[in-house]
Amino acid sequence: DVKVTQSSRYLVKRTGEKVFLECVQDMDHENMFWYRQDPGLGLRLIYFSYDVKMKEKGDIPEGYSVSREKKERFSLILESASTNQTSMYLCASSGGEPSTDTQYFGPGTRLTVL
Amino acid sequence: AQSVAQPEDQVNVAEGNPLTVKCTYSVSGNPYLFWYVQYPNRGLQFLLKYITGDNLVKGSYGFEAEFNKSQTSFHLKKPSALVSDSALYFCAVRDMNRDDKIIFGKGTRLHILP
């Protein structure tokens, strides 16, 4: 089975802190994604990557950056956390054609910024 | 603009009754459609997808969905609901105008009443 793991289930940070959210997949997938999930808004794509060292902005990249130095790991970085970044963050990966292939999701990180 | 809509925020169904969770879409080109489910405190799990072929798609946990091109719908169905089906359901569609990224609906919370 595909396994996508996220470094923390719950995280509490203070405004202005730099925050790292880590995601690792064990299926040698090319494609990796970061979403945030907010009630009533569904999932919104923050950043995605179709290959190592490659990254593309999604719908809401402001305030975030990403790093993909190795194929299995995709990190989301909040350069200076703000309270409006309090949310559930979901990482996903897929192995084939991004438009048709199933995405496999991690359990999520619930981030609270105080 | 490409979009996907889930017109109901919440659906309540008695255990043993058939259930339907609605999804409509607006895309140019051939639609690629997906359903995902999120159980409490879990990441999203893939249920089924329509790429091409038979309009009735069967998926995990006894769910199925019918692709209806004339009504631009992809409703999720199950003949007999279980209490364990209570979860948050997301419909998703490929957005061919934006690098084939997948866009998610806002989600429908399904409550199965014992």
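### A look at the state of the cysteines
Thought 1: Inspection of every chain in the model, using the stated rule, returns two disulfides over all chains.
Thought 2: Across the disulfide from A:Cys23 sits A:Cys91; the S-S distance is 1.9 Å. Disulfide A:Cys23-A:Cys91: torsion about the S-S bond near -75°, hence left-handed. Note that A:Cys23 is positioned in strand S4 (residues 23-25) and A:Cys91 in strand S10 (residues 87-94), a separation of 68 residues in sequence. A:Cys91 matches A:Cys23 in its accessibility class, with the two residues each being buried.
Thought 3: There is a disulfide in this structure between B:Cys23 and B:Cys91, and the S-S distance comes to 1.9 Å. Negative torsions about the S-S bond denote left-handed disulfides, and the value of about -65° found for B:Cys23 with B:Cys91 makes this one left-handed. Of this pair, B:Cys23 sits in the loop between strand S3 (19-21) and strand S4 (24-26) while B:Cys91 sits in strand S10 (residues 87-95), placing them 68 residues apart in sequence.

### Section: the nonpolar core
Residues and elements named next belong to chain B.
Thought 1: With 28 residues, the main nonpolar core has Leu19, Trp35, Leu47, Leu48, Phe74, Leu76 and Tyr89 as its most contacted residues.
Thought 2: The greatest single-element share of this core, amounting to four residues, is contributed by S10.
Thought 3: Excluding anything up to four places from it in sequence, Leu76 contacts Leu19, Thr20, Val21, Trp35, Leu47, Leu48, Phe63, Glu64, Ala65 and Tyr89.

### Some thoughts on the interface of chain A and chain B
Thought 1: Between chain A and chain B, the contact holds 23 residues from the first and 22 residues from the second.
Thought 2: Regarding the contact of chain A and chain B, the summed buried area is about 1,800 Å², with carbon and sulfur atoms giving 53% of it.
Thought 3: If you sort the residues of chain A by the area they bury against chain B, A:Leu43, A:Ser99 and A:Thr100 come out on top, with a joint share of 27%.
Thought 4: Summed over the shared surface of chain A and chain B, the number is zero salt bridges.
Thought 5: Applying the counting criterion to the chain A and chain B interface returns two residue pairs in polar contact (both at pLDDT 80 or more).
Thought 6: For the side of chain A that touches chain B, the secondary-structure elements that each account for two or more residues are strand S5 (31-38) and strand S6 (42-49) of chain A.

Thresholds applied
- Residues numbered from 1 in each chain as written.
- Chains lettered and ligands numbered in written order.
- Predicted model: local features only at pLDDT ≥ 70, side-chain atom pairs only at ≥ 80, totals over all residues.
- Heavy atoms only, no water.
- Disulfide = S-S within 2.5 Å.
- Helix = DSSP H or I, 4+ residues; strand = E, 2+ residues; numbered from the N terminus.
- Buried < 20%, exposed > 50% of the residue type's maximum accessible area, 1.4 Å probe, protein only.
- Core = buried A, V, L, I, M, F, W, Y, C linked by side-chain atoms within 4.5 Å.
- Contact = heavy atoms within 4.5 Å.
- Buried area = accessible area lost by both parts, 1.4 Å probe.
- Salt bridge = Lys/Arg side-chain N within 4 Å of Asp/Glu carboxyl O.
- Polar contact = N/O pair within 3.5 Å; in protein donor to acceptor, adjacent residues only side chain to side chain.

Note that every value here comes from positions in space, so none of it alone points to a role or purpose.
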